[in-house]
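Examining the three-dimensional arrangement
As a plain string of letters, each chain reads:
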Amino acid sequence: MKAENTGTLVCVGTGLNLAGQISVLSKSYIEHADLVFSLVPDGFAQHWLETLNSDVRSLQPYYAQDGEVKNRRDTYKQMVAAILEQVRLGKKVVCALYGHPGVFACVSHFAIAQAKEEGFNAHMEPGISAEACLWADVGIDPGGSGHQSFEASQFMFYKHTPDPTTHLLLWQIGIAGDHTLTEFHTSSDRLQVLVEQLHEWYPLEHEVILYEAPNLPTQAPRIERVSLAQLPFSQLSSITTLLIPPAKQLEFNHQVLAKLGITADDLG
Ligand SMILES: C[S@@+](CC[C@H](N)C(=O)[O-])C[C@H]1O[C@@H](n2cnc3c(N)ncnc32)[C@H](O)[C@@H]1O
C-alpha cells in the first residue's frame, strides 16, 4: 500500500444535544483522529469538540458568508474537497456532523463514496438524529401507525403521495419551496402553496407540530401545535422539523387478511 493510501475517513454523528448524545465509539474516533472536520449547531458544541481533539476545523465557513449568494451545492463540493485533501495526505480524518451524519446530510455520503473510489478506508458511524429526538420528546412510537419522511422542498417539487394514516415528517420546512439552494428562509407564500398541496389529504384545521430539539441540556424542546392553516404564519427556523400526525384511522386490508385466513376481529 502506498503511504498516501493509509489515509482513512470516518463520518460520525454528534447527536443534537451538547456532548451527551454521541456514541462511545464515535467519541473515541474523534479523540484518536489526526484531524476532525466539524459541522455542529453552535459554538458550545464546537468548543466541546476542541476539548476532545487539538485539530478541529469547522466546515461552517464554506457556507455563504455576510450577504454572499452561494449555491449550497458548491458549499458541499468544497467541504468534500477539503475532507478528501486531508485523507489523500495519509491522515486519519474524522468528519463530525450534528445529528446522524448520513440523515438528510449529503456531505458524509459524498465524501465516503469519493474516498472509497480512491481506495481509502471510509465508513459512517450512526448518530442520534433530530427524528430520534422528536419521537422521544413528543412521545410517539412511529411503529404505531408507521411514518414517512421527506425533505420539504422535494415533497413540494415531486409527486409524493403522503399516507394520512401515518405520521409525516417534513425536514427543512424552514426553507420549503426554495429551488435556488441559496436561501436560508422560506416565505409565507411558499408555505401557503405547501398548505394547499397538503390539503388534498389533510383538513386545514388538522393539528401539526413544529418541533425543535434542544441543542443544550438547559433548553427544552419546542413542541408547538398549530393548525395546518396557520403554518404560513408560524415562526420557522433552520432547525424546525414539521410533524403531521395521522388524520385518518388505519384501514384493514381485507384482501390480505383473507389470504392469511384471518379477519379484522382476530387482530383485536
Ligand atoms: C440538513 S438536515 C440535517 C439533519 C441531521 N443530519 C440529523 O440527523 O438530524 C437539517 C434539518 O434537520 C432538522 N433539524 C436539525 N436540527 C434540528 C433540531 N434541533 N430540532 C429539530 N429538527 C432539527 C430540520 O428539519 C433541519 O432543517
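Residues numbered from 1 in each chain as written. Predicted model: local features only at pLDDT ≥ 70, side-chain atom pairs only at ≥ 80, totals over all residues. Heavy atoms only, no water.

Turning our attention to the UniProt feature "domain: Tetrapyrrole methylase" (unreviewed entry) in the protein. Mapped onto the present numbering, the UniProt feature "domain: Tetrapyrrole methylase" (unreviewed entry) falls on residues 8-219. Taken end to end, residues 8-219 comprises 35% helix and 19% strand; its first and last C-alpha atoms sit 36 Å apart. (UniProt positions renumbered as here; feature names shortened; annotations may be inferred. Helix = DSSP H or I, 4+ residues; strand = E, 2+ residues; numbered from the N terminus.)

What follows is about the site of the ligand. Not every one of the 18 residues close to the ligand is listed here, only the nearest: His100, Val103, Ala130, Ala213 and Thr241. Within the backbone of serine 238, one N or O atom sits 3.0 Å away from an oxygen atom of the ligand. In isolation the ligand exposes 570 Å². Once the protein is present, 93% of that is buried. Residue classes in the shell around the ligand are distributed as nine nonpolar, eight polar and one charged. Both domain 1 (3-124) and domain 2 (130-244) contribute no fewer than three residues apiece to the shell around the ligand. (Near = heavy atom within 4 Å. Polar contact = N/O pair within 3.5 Å; in protein donor to acceptor, adjacent residues only side chain to side chain. Areas by Shrake-Rupley, 256 points an atom, 1.4 Å probe, with all protein chains shown as cover. Nonpolar A, V, L, I, M, F, W, Y, C, P; charged D, E, K, R; others polar. Domains from an automatic or database assignment.)

On to the packing of aromatic side chains. The way to describe two aromatic rings as a pair is by their centre distance and the angle between their planes. The tally for this structure, following the rule as stated, stands at three aromatic pairs. Relative to phenylalanine 155, the ring of phenylalanine 150 has its centre 5.4 Å away and its plane inclined at 45 degrees; by these criteria the two rings are tilted. Overall, the relative accessible area of 11% leaves phenylalanine 150 in the buried class. Its relative accessible area of 0% is what places phenylalanine 155 among the buried residues. When the ring centre of phenylalanine 184 is taken as reference, the NZ or CZ atom of arginine 72 above it lies at 5.1 Å. (Phe/Tyr/Trp six-rings, centres within 6.5 Å; stacked < 30°, edge-to-face > 60°. Buried < 20%, exposed > 50% of the residue type's maximum accessible area, 1.4 Å probe, protein only. Lys NZ or Arg CZ within 6 Å of the ring centre and 35° of its normal.)

Below, the discussion takes up the nonpolar core. The biggest cluster of nonpolar side chains holds 23 residues, and the ones touching the most others in it are Leu9, Phe37, Leu59, Met79, Ile83, Val93 and Cys95. Breaking this core down by element, the ones donating at least two residues are β1 (8-13), β2 (35-39), α3 (72-88), β4 (92-97) and α4 (106-117). The element that contributes the greatest number of residues to this core is α3, accounting for seven residues. Beyond its immediate sequence surroundings of up to four residues, isoleucine 83 is in contact with Leu9, Phe37, Leu59, Val93, Cys95, Val107 and Ala111. Of all hydrophobic cores here, the second largest spans 21 residues; its members include Ala152, Met156, Tyr202 and Leu210. (Core = buried A, V, L, I, M, F, W, Y, C linked by side-chain atoms within 4.5 Å. Contact = heavy atoms within 4.5 Å.)

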